[in-house]
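Listed below, chain by chain, are the residues.
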Amino acid sequence: LMDATASKKSVTVQVAGKKYTQQQCFLKAIELDTRMRDSCHAWYLLGRTLFGTETITMQGKTYTDIQCYTRSLEMEPLNSGAWYSIGYMMEEGRPVVINGTSYTTRQCHLKAIQINAVCFEAWFHLGNELCKEDGQTAFISGKSYTGQQCFIKSLEINPEQSDTFFCLGKTLEITLPMSGGFGGGGGGRAPTAVVNGTSFTERQCYIKALEIDQNKTDTWFSLGYSLVDDRETAMVKGARYTKKECYIKAVTINPQHCDAWCMIGKMMSPGETVTIGGRSFDNKASLIMALMSAPQHGDAWMSLGYLLSNGETARLFGRQYTKDQCLTMAQQCW
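Remember, it's a predicted structure, so these values are computed and weren't measured experimentally.

Examining the overall build of the protein chain
Turning to step 1, where the next piece is worked out: In terms of helices and strands, the protein chain carries 15 helices and 16 strands.
Turning to step 2, where the next piece is worked out: With respect to the three principal axes, the spread of C-alpha positions in the protein chain is 80 × 50 × 40 Å.
Turning to step 3, where the next piece is worked out: For the protein chain, the share of sequence-separated contacts (at least 6 apart) that also reach a separation of at least 24 residues comes to 43%.
Turning to step 4, where the next piece is worked out: Of the roughly 17300 Å² that the protein chain leaves accessible, carbon and sulfur atoms contribute 50%.
Turning to step 5, where the next piece is worked out: Distance from the positive charge centre (33 side chains) to the negative charge centre (32 side chains) of the protein chain: 3 Å.

Laid out in structure tokens, this is it:
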């Protein structure tokens, strides 16, 4: 049952005529370990069964995932999995106390790496922490690492990580003059990162990420944004995609992706339509979809305002908006 996921919580095993779920197995292990020496791993695995705000109650006390990981580390502080898990789940700016010592998110990931240098998950999450602020580094085994270098280290250990390639691509993102895109074509040399001897540009990172997992809406959006215009294409698993087709893939996966809807609306010519999810959308309808998902999307309001002719309106949120009202809304959003 250790590999059961949130969608498999009904899976049970029968022992001595009684059925146990995955969580109940871990709870039983903790209950039987009266010396509290051998249940540290059960606490860790119990924490992994909890998702979001879920809790578990044992002997009248309620535990969150973080509290389960804390219990595990109080008994066995050399569990690298528990360290990176607790670091990942911690709320921003709220340290956790383990055996009397306070740890930040970054310190939890560093502990995981110090215990297990090939804990690729910890390298990935540490990279994300470092990338939240420009110029941040972490000192590990006598070497300083940037966020980008942490992503590279994670991928050197496990190269089949879609999210890590995506994040590595974001560290290579640059604005290309007059292109409206990032890190791909146009003039100038795009920056690269080397993973296991292979050099990747920003765009190549997104392509690699999608080759691993094509169901990543933000990666499709970023790949589209890296293309200069619809004359340029990117090949993913043998199929070529234009800039607009990348955005269409993004909203097909996630119909609430406001930025992708906005870009689709801005790119479409008058009278042009696209079919998404069995429905036809023109540029006006695409911009309306962006605003339905994000009413404070200034770029979508401005683009809709420029699109409307004098006297024409767009219906949103139960009312009609004129050209000038859309432009006013854009200014208010910014």
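Observations regarding helix α11 (residues 243–253)
Turning to step 1, where the next piece is worked out: Regarding α11, the residues found buried are K243, K244, C246, Y247, I248, A250 and V251.
Turning to step 2, where the next piece is worked out: At its buried positions, α11 is contacted by α10 (217–226), β12 (239–242), α12 (258–267) and β13 (274–276).

A closer look at the pairing of strand β7 (residues 137–140)
Turning to step 1, where the next piece is worked out: Burial along β7 is one-sided: the residues A138 and I140 are buried and none of T137 and F139 is.
Turning to step 2, where the next piece is worked out: Where β7 meets strand β8 (residues 143–146), 4 bridges bridge the pair, whose relative direction is antiparallel. Its bridge partner being in β8, I140 is matched across the sheet by K143.

A look at the packing of helix α8 (residues 162–171) against helix α9 (residues 202–212)
Turning to step 1, where the next piece is worked out: One can describe the packing of α8 onto α9 by two numbers: an axis separation of 8 Å at closest approach and a directional angle of 170 degrees. With respect to α9, the axis of α8 lies roughly antiparallel. Handedness of the crossing formed by α8 with α9: left-handed. Each of S162, F165, F166, L168, G169 and K170 in α8 lies in contact with α9, whose residues at this interface are E202, C205, Y206, K208, A209 and I212.
Turning to step 2, where the next piece is worked out: Split into classes, the residues belonging to the contact of α8 with α9 amount to 7 nonpolar, 2 polar and 3 charged.

Quick notes on the environment of G142
Turning to step 1, where the next piece is worked out: Its place among the elements puts G142 in the loop between β7 and β8.
Turning to step 2, where the next piece is worked out: Overall, the relative accessible area of 60% leaves G142 in the exposed class.

Observations concerning the pattern of salt bridges
Turning to step 1, where the next piece is worked out: Scanning the entire structure with this criterion turns up 11 salt bridges.
Turning to step 2, where the next piece is worked out: In this structure, K170 and E173 form a salt bridge, with 2.9 Å as the shortest nitrogen-oxygen distance.
Turning to step 3, where the next piece is worked out: In this structure, E272 and K244 form a salt bridge, with 2.5 Å as the shortest nitrogen-oxygen distance. Here the residue E272 occupies a position in the loop between α12 and β13, and K244 occupies one in helix α11, the gap between them amounting to 28 residues.
Turning to step 4, where the next piece is worked out: Overall, the relative accessible area of 23% leaves E272 in the partly exposed class.
Turning to step 5, where the next piece is worked out: Among the charged side chains, a network of salt bridges with common partners joins D230, K244 and E272.

Some words on the packing of aromatic side chains
Turning to step 1, where the next piece is worked out: With the rule as written, the count across this model stands at 12 aromatic pairs.
Turning to step 2, where the next piece is worked out: Taking the centre distance of 6.0 Å and the plane angle of 10 degrees together, the rings of F221 and Y225 count as stacked. Here Y225 and F221 lie together in helix α10, a separation of 4 residues that amounts to about one turn.
Turning to step 3, where the next piece is worked out: When its relative accessible area of 15% is taken as the criterion, F221 is described as buried.
Turning to step 4, where the next piece is worked out: Overall, Y225 belongs to the partly exposed group, its relative accessible area being 27%.

What to know about the packing of helix α7 (residues 147–157) against α8
Turning to step 1, where the next piece is worked out: Direction vectors running N to C along α7 and α8 enclose 150 degrees, while the axes themselves pass 9 Å from each other. Relative to α8, the element α7 lies roughly antiparallel. Every pair of crossing elements has a handedness; the one defined by α7 and α8 is left-handed. The segment α7 lies against α8, with Q148, F151, I152, S154 and L155 engaging T164, F165, C167, L168 and T171.
Turning to step 2, where the next piece is worked out: Here the contact of α7 with α8 is composed, by residue class, of 6 nonpolar, 4 polar and no charged.

Quick look at the layout of surface pockets
Turning to step 1, where the next piece is worked out: In this structure, the second largest pocket spans a volume of roughly 270 Å³.
Turning to step 2, where the next piece is worked out: For the second largest pocket, the full set of lining residues is G52, T53, E54, T64, D65, I66, M89, M90, E91, R94, P95 and V96.
Turning to step 3, where the next piece is worked out: Broken down by class, the residue content of the lining of the second largest pocket amounts to 5 nonpolar, 3 polar and 4 charged.

Concerning the confidence of the model for the protein chain
Keep in mind that low pLDDT regions are not for reading the predicted coordinates in detail.
Turning to step 1, where the next piece is worked out: Overall, the predicted model of the protein chain reaches an average pLDDT of 89, with 91% of residues at or above 70.
Turning to step 2, where the next piece is worked out: Counting interchain partners and residues more than four positions distant, the pLDDT-below-50 stretch residues 1–7 has 12 contacts.

Some remarks on the nonpolar core
Turning to step 1, where the next piece is worked out: Counting 53 residues, the largest nonpolar core has L223, I264 and L304 as its most contacted members.
Turning to step 2, where the next piece is worked out: The contacts of I264, once residues within four sequence positions are left out, are Y247, I248, V251, V274, I276 and S286.
Turning to step 3, where the next piece is worked out: F26, V96, A138 and C150 belong to the second largest nonpolar core, which has 37 residues in total.

Some details on helix α2 (residues 40–48)
Turning to step 1, where the next piece is worked out: Across the 9 residues that make up α2, a large majority, 7, are buried.
Turning to step 2, where the next piece is worked out: Of the positions making up α2, those classed as buried are C40, A42, W43, Y44, L45, L46 and G47.
Turning to step 3, where the next piece is worked out: Looking at the packing, one finds that the buried side of α2 touches α1 (22–32), β3 (56–58), β4 (61–63), α3 (65–75) and α4 (80–89).

The rules we used
Residues numbered from 1 in each chain as written. Predicted model: local features only at pLDDT ≥ 70, side-chain atom pairs only at ≥ 80, totals over all residues. Heavy atoms only, no water. Helix = DSSP H or I, 4+ residues; strand = E, 2+ residues; numbered from the N terminus. Contact = heavy atoms within 4.5 Å. Areas by Shrake-Rupley, 256 points an atom, 1.4 Å probe, with all protein chains shown as cover. Lys, Arg positive; Asp, Glu negative; His and termini not counted. Charge placed at Lys NZ, Arg CZ, Asp CG, Glu CD. Buried < 20%, exposed > 50% of the residue type's maximum accessible area, 1.4 Å probe, protein only. Pairing = 2+ DSSP bridges. Axes fitted to C-alpha atoms, helices over the stretch in contact; angles between N-to-C directions. Parallel < 35°, antiparallel > 145°, perpendicular 65-115°, else oblique. Left-handed = near helix turned anticlockwise from the far one by under 90°. Nonpolar A, V, L, I, M, F, W, Y, C, P; charged D, E, K, R; others polar. Salt bridge = Lys/Arg side-chain N within 4 Å of Asp/Glu carboxyl O. Phe/Tyr/Trp six-rings, centres within 6.5 Å; stacked < 30°, edge-to-face > 60°. 1 Å grid on protein atoms, 1.4 Å probe; cavity = no way out; pocket = protein on both sides within 12 Å on 5 of 7 lines; lining within 4 Å. Points joined across faces, edges and corners; volume = space filled by probe spheres on them. pLDDT = per-residue confidence, 0-100. Core = buried A, V, L, I, M, F, W, Y, C linked by side-chain atoms within 4.5 Å.

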